[in-house]
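Each chain is listed here by its residues.
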Amino acid sequence: VIALLAGLAAGAQVTIRNDVPRVDVSGNIVDCHSGNIVFHNGTYFLYGEHYGNSTGFGTDKWPQLRVYTSPDLVAWTDRGWMLQGAPLSGTYFTPWVVYNNRTGMFVAWFNAYPNGCCAGAFGIAQSRTGLDFEVVSLSEQGYYSQVDGNSLFVDDNGTGYVLYTSITEDHRVSIERLTDDFLHTTKQNFGLFPDHYVEGGTLFKRNGVYYVTYGSCCCFCRAGSGTVVYTSRSLEGPWTRQATDINCNTTTEAICGKYGERVSSENLIISMQGIGLSPIDTADGRIFLYSGERWLSAPYNNPACPDECRTCTEPPQYIKGHGYMYWIPFEFDGAAVRTLSPFVDAFTLNLP
């Protein structure tokens, strides 16, 4: 299925594909997972986890963090390591970058495990150019400790926030205000969301409404996870949950999962773990590009492996970073996010 998700406005029309590996201008597979896209001064910056030639989770070095750039969301150039001094000792996950208009700096927050997974903290870094980030901290803690996944959001007034999962709070999500330079948390926290055993959270705003999404814990699981949506007129709440999970074939289950503590009876619509969200301005208006990871989709994967957190031998030809990413713009009915459509091979966007 190829979907036309933008109108006929003027501008460069590009096709985003989900049915083939995303490759860079040198023909290499884009190894940049579980991050976000930032547009600045005519350039799209893609930040993510980079697995190199490893078979993935459980190593003492991978993933590290990588950055790619593009003029059009299609022609990507590998710009190398995201952090100065990389590859660093330890492992680093889920980078999220925003631009701070007050300071003129790109600011990154990510999960930092300098001593190995998974007693994690926030890693924080900044850059004037969007490349070659200088590390500020690898040990920042929020109001709640043991970070597992985070996303950043900048409100209309320039105030920054971090949404994150805390392992010590039974894998529950909360929102916290940042300092004006975005380099620390104020620890002004707005309380925990009700669902436990969740991760992959995102936070965004559309037409005056705030949105939070997250899914059941997956840990590089092949089956993927669902996507729960909350909305509010204030970051402090109250928050209202949409009636059903938007990545689940169900009208009864509020949150679906296929791994660990939560194994739903219903199938997921897309076998992916939703883990990123990037506002993208097009000639037809702003879209919210949702991104998910199709773990264990790379060639030569061992079909007997349900996930990559438990011991499961992969053949030496298997390269985790060659796994497929799934990108799709959210669609809306009023303030509600629509249930995801079945797998979309490709879609088009009209860029400005």
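Refer to the structure above for everything that follows.
Rules of the game
- Residues numbered from 1 in each chain as written.
- Predicted model: local features only at pLDDT ≥ 70, side-chain atom pairs only at ≥ 80, totals over all residues.
- Heavy atoms only, no water.
- Pairing = 2+ DSSP bridges.
- Helix = DSSP H or I, 4+ residues; strand = E, 2+ residues; numbered from the N terminus.
- Axes fitted to C-alpha atoms, helices over the stretch in contact; angles between N-to-C directions.
- Phe/Tyr/Trp six-rings, centres within 6.5 Å; stacked < 30°, edge-to-face > 60°.
- Buried < 20%, exposed > 50% of the residue type's maximum accessible area, 1.4 Å probe, protein only.
- Lys NZ or Arg CZ within 6 Å of the ring centre and 35° of its normal.

**Student:** Let's hear about the sheet that holds strand E6 (residues 77-81): which residues, and what values?
**Tutor:** The four strands are arranged E3-E4-E5-E6 in an open sheet whose pairing can be described as antiparallel. With partners counted over all chains shown, the strands left at the sheet margins are strand E3 (37-40) and E6, one partner each. Across the sheet, the mean angle separating the axes of adjacent strands is 25 degrees when strand polarity is ignored. Summarising the sheet, E3 and strand E4 (residues 43-50) pair through four bridges and their orientation is antiparallel. Bridged to Ile37 within E4 is Leu46.

**Student:** Talk me through the packing of aromatic side chains; I want residue IDs and the actual numbers.
**Tutor:** A complete count under the given rule lists 29 aromatic pairs for this structure. An angle of 85 degrees between the planes, with centres 6.0 Å apart, marks the rings of Phe153 and Tyr210 as edge-to-face. Placement of Phe153 in strand E11 (residues 147-154) and of Tyr210 in strand E16 (residues 209-216) is noted, with a sequence separation of 57 residues between them. According to the relative accessible area criterion, Phe153 is buried, its value standing at 9%. Exposure remark for Tyr210: the relative accessible area of 8% places this residue in the buried category. One aromatic cluster is present, built from ring pairs that chain together Phe204, Tyr211, Phe288, Tyr290, Phe330 and Phe332. Sitting above the plane of the Trp327 ring, Arg22 keeps its charged end 3.7 Å from the centroid. Above the face of the Trp81 ring, Arg66 is positioned so that its terminal group lies 4.6 Å from the ring centre.

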